Amino acid sequence: SQQGEEDPQALSIQEGENATMNCSYKTSINNLQWYRQNSGRGLVHLILIRSNEREKHSGRLRVTLDTSKKSSSLLITASRAADTASYFCATDDTGANSKLTFGKGITLSVRP
Amino acid sequence: GAGVSQSPSNKVTEKGKDVELRCDPISGHTALYWYRQSLGQGLEFLIYFQGNSAPDKSGLPSDRFSAERTGGSVSTLTIQRTQQEDSAVYLCASGQGALYNEQFFGPGTRLTVL
């Protein structure tokens, strides 16, 4: 079964609004990462949060991690049409030897 | 600098044929990963190479799938006797493989088995 499960599966918002995407996982982790994918091709790394961190920022991105609830959220503020893509969370599970486990992804559509 | 490259970008083959997919990782990256992504789905881990260690092959779906990494750099994923269910985008990624690793992905090879 998927380690990382994103929620919702699809999200449609208006340009300028904030987008919040959630990820839940099952086992203990070293870190959790968020990736973005355009047009079904290569993924681009967005942000990494370590297991001992609770919140991290990068530009318009804010990620939180709650290890007690085994969940993470990715917030994109002031969204743009160019943010339209699929977003994946990936967990680096302890004992998994740096192998990432990806969720099925969230499809974000930002309407101009 | 150059990113991860993959070739071919698209491959159409007939059922039963063998195919080879190539990945050129970022120079100096010790870790190399292969994933498979079916339409609208997440990434399915296939195989992981880290330095000179034995590869983690736990994700290979059948013995028709194999991969090599020569000289710690270029990797080739081979699928023998292809089946229609092998149709997918095959993604390669490289990284440092350290505790807080970030993976850098190639553009993928879209494989279609007729």
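Residues numbered from 1 in each chain as written. Chains lettered and ligands numbered in written order. Predicted model: local features only at pLDDT ≥ 70, side-chain atom pairs only at ≥ 80, totals over all residues. Heavy atoms only, no water.

Chemist: Summarise the interface of chain A and chain B; cite the residues concerned and give the values.
Modeler: Taken together, the contact pairs 21 residues of chain A with 25 residues of chain B. Where chain A abuts chain B, roughly 1,900 Å² becomes buried across the two surfaces, and 48% of that area is made up of carbon and sulfur atoms. Applying the counting rule to chain A against chain B returns zero salt bridges. Scanning the region where chain A abuts chain B turns up two residue pairs in polar contact (both at pLDDT 80 or more). With five residues, the single largest contributor to the side of chain A that touches chain B is strand β4 (residues 29-37) of chain A. (Contact = heavy atoms within 4.5 Å. Buried area = accessible area lost by both parts, 1.4 Å probe. Salt bridge = Lys/Arg side-chain N within 4 Å of Asp/Glu carboxyl O. Polar contact = N/O pair within 3.5 Å; in protein donor to acceptor, adjacent residues only side chain to side chain. Helix = DSSP H or I, 4+ residues; strand = E, 2+ residues; numbered from the N terminus.)

Chemist: I'd like a description of the packing of aromatic side chains, backed by residues and values.
Modeler: The full count for this structure, using the stated rule, is eight aromatic pairs over all chains. Measuring from centroid to centroid gives 5.3 Å for F102 of chain A and Y35 of chain B, while their planes differ by 85°, and the two rings are edge-to-face. Placement of F102 of chain A in strand β10 (residues 100-102) and of Y35 of chain B in strand β4 (residues 31-37) is noted, with the two residues assigned to different chains. Overall, F102 of chain A belongs to the buried group, its relative accessible area being 1%. Ring centres of F102 of chain A and F105 of chain B lie 5.9 Å apart, and the angle between their planes is 85°; on these two criteria the pair is classed as edge-to-face. Of this pair, F102 of chain A sits in strand β10 while F105 of chain B sits in strand β9 (residues 104-105), each in a different chain. Here the aromatic residues Y35 and F102 of chain A together with Y33, Y35, F45, Y48 and F105 of chain B are joined through ring pairs into a cluster of three or more. (Phe/Tyr/Trp six-rings, centres within 6.5 Å; stacked < 30°, edge-to-face > 60°. Buried < 20%, exposed > 50% of the residue type's maximum accessible area, 1.4 Å probe, protein only.)

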